[in-house]
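Fold and contact review
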Amino acid sequence: MIEIRNLTKTFASPAGEVKALENVNLTVNDGEIFGIIGMSGAGKSTLVRCINLLERPTQGQILLDGEDVALLPPKALREKRREVSMIFQSFNLLQQRTCLKNVCLPMELTGVPKKEAKERAMALLQRVGLPDKAKNYPSQLSGGQQQRVAIARALASNPKILLCDEATSALDPKTTGQILRLIREINRELNLTVIVITHQMSVVEDICDRVAILDKGTVAEVGKVAEVFSRPQSRAARRLVFPEGYEQAAAEIPDGCIRVVFGGVEATEKPLIATMAIERGIVASILNASTKTIEGRTYGSMLLSVPGGKKEVERALNYISGFPDLTAEEVRRRAE
């Protein structure tokens, strides 16, 4: 288990002290894929670098299986760090080494016999689908192939924790999907705890079990992915979940509006608005919508305008509320 307690990290700058993280508290359970998402400058990369002590916290604790890693003596810290591996957006492969030798590197540094290291490296290249690239150099591979080699190298030390810092940001959507599936497979097969740092909502949707929203160095919201995406509570979460201008639309709505929240509705080809018009004769227009399908269920929100006055709004509310996993409320002019 990873426990982050009251973590604060400050940096000195010409303009004075800058707080990159402030009073961050998070718990990541063994074997889960935990997403940390936020806009640029939210503190995501600083947080992940604090977890493996590439950056030392100014205040607070990082506990791995109950041990405060910042208090470990140098030798014990080196041993603990072997339990934590990391993959990066830029792959960070050594260009002068073949793929096989890149994967061997962590084992060389810890004194694993050469033959044993080579055999394990080949097995790991096989695991990531690149056994035929052992003698190739990184420059001869595509971006997705380089990231696969980086994953193989990260696994070479038999880690318990895999940190992914924007690991798919440099990849096209198809390749991103392939890499995410590989990470999910490794997570399940090895019971590896994975922390995914990203600014991409699609990445969180695809593989994460829980997610924390980071905003200006603080945790704005944390919970199961489906819950956060269906009912975001914080302004920071709403900006990420509803990037199409949901809050602006809610602030400028006319009279006779309904907000519909999809809380895990089973996805069907039967459109709600058309069905309501056909079955009840209730006409509605969509002012704003942001929905996502996760594991065959729909989450998100829709803002409807229902003409005809209060009576029609009530009819629409009664109709929509009759569906499981759907909630509806009348929305009046307000900030949120």
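Whatever comes next refers back to the structure up there.
Residues numbered from 1 in each chain as written. Predicted model: local features only at pLDDT ≥ 70, side-chain atom pairs only at ≥ 80, totals over all residues. Heavy atoms only, no water.

As a further point, take the side chain of Glu32. Structurally, the position occupied by Glu32 is in the loop between β2 (16-28) and β3 (33-37). On the basis of relative accessible area, Glu32 is assigned to the buried category, the value being 9%. Leaving out residues up to four positions away in the same chain, Glu32 has contacts with Thr27, Asn187, Leu192, Thr193, Val194, Asp209 and Arg210. (Helix = DSSP H or I, 4+ residues; strand = E, 2+ residues; numbered from the N terminus. Buried < 20%, exposed > 50% of the residue type's maximum accessible area, 1.4 Å probe, protein only. Contact = heavy atoms within 4.5 Å.)

Turning next to the nonpolar core. Grouped together as the largest cluster of nonpolar side chains are 51 residues, with contacts concentrated most on Ile87, Val103, Val149, Ile151, Ile183 and Ile213. Looking at which element gives the most residues to this core, the answer is helix α5 (residues 143-155), with six residues. Apart from the residues within four sequence positions on either side, Ile183 is in contact with Ile87, Ile151, Cys164, Val194 and Ile207. Counting residues in hydrophobic clusters, the runner-up holds 28 residues, among them Leu21, Val48, Cys50 and Leu72. (Core = buried A, V, L, I, M, F, W, Y, C linked by side-chain atoms within 4.5 Å.)

To continue, consider the environment of Glu22. Relative to the helices and strands, Glu22 is located in strand β2. By relative accessible area, which is 38% here, Glu22 ends up partly exposed. Counting along the chain gives 36 residues from Glu22 to Thr58, while the straight-line C-alpha distance between them is 9.7 Å. The residues touching Glu22, leaving out its near neighbours within four places in the chain, are Leu7, Thr8, Gly217 and Thr218.

Following the criterion strictly, the structure yields one aromatic pair and no others. Centroid distance Tyr319 to Phe323: 5.3 Å. Interplanar angle 70 degrees. Geometry classified as edge-to-face. When its relative accessible area of 32% is taken as the criterion, Phe323 is described as partly exposed. The ring of Phe11 has Lys9 sitting right over it, with the charged end atom 5.0 Å from the ring centre. (Phe/Tyr/Trp six-rings, centres within 6.5 Å; stacked < 30°, edge-to-face > 60°. Lys NZ or Arg CZ within 6 Å of the ring centre and 35° of its normal.)

Moving on to helix α4 (residues 114-127). Look at α4: 20 Å from first C-alpha to last across 14 residues, which is about the 20 Å you get at 1.5 Å a residue. Of the residues making up α4, those classed as buried are Ala117, Ala121, Leu124 and Leu125. For α4, the angular spread of buried residues about the axis comes to 100 degrees, placing them on one side. In α4, the exposed positions that point more than 90 degrees away from the buried face belong to Lys115 and Gln126. Each element contacted by the buried residues of α4 is listed here: α3 (99-109) and α5. Residue Gly129 follows α4 closely and has a positive phi angle near 85 degrees. (Expected span 1.5 Å × (residues − 1). Arc of directions from axis to C-beta.)

For the rest of this paragraph, the subject is the pairing of strand β1 (residues 2-13). Regular strands place side chains that alternate from one sheet face to the opposite one. Pairing between β1 and strand β4 (residues 59-64): five bridges, direction antiparallel. Paired with Arg5 across the strands is Gln61, a residue of β4. Pairing of β1 with β2 involves nine bridges; the strand directions are antiparallel. From the neighbouring strand, Lys9 faces β2, where its bridge partner is Leu21. Joining the antiparallel neighbours β1 and β2 is a turn of two residues. (Pairing = 2+ DSSP bridges.)

To continue, consider the pattern of salt bridges. Tallied over the entire structure, the rule returns 16 salt bridges. A salt bridge links Arg82 to Glu79; the nearest nitrogen and oxygen atoms lie 2.8 Å apart. Given a relative accessible area of 34%, Arg82 falls into the partly exposed group. One salt bridge connects Glu83 with Lys80, and the closest N-O pair in it is separated by 3.4 Å. (Salt bridge = Lys/Arg side-chain N within 4 Å of Asp/Glu carboxyl O.)

Turning next to the packing of α3 against α5. Two numbers describe how α3 lies on α5: the axes approach to 7 Å, and their chain directions differ by 30 degrees. By the criterion of interaxial angle, the relationship of α3 to α5 is roughly parallel. The way α3 lies across α5 gives a crossing that is right-handed. For the pair α3 and α5, the contacting residues are Cys99, Asn102, Val103 and Pro106 in the first and Val149, Ala152 and Arg153 in the second. When its residues are assigned to classes, the contact of α3 with α5 shows five nonpolar, one polar and one charged. (Axes fitted to C-alpha atoms, helices over the stretch in contact; angles between N-to-C directions. Parallel < 35°, antiparallel > 145°, perpendicular 65-115°, else oblique. Left-handed = near helix turned anticlockwise from the far one by under 90°. Nonpolar A, V, L, I, M, F, W, Y, C, P; charged D, E, K, R; others polar.)

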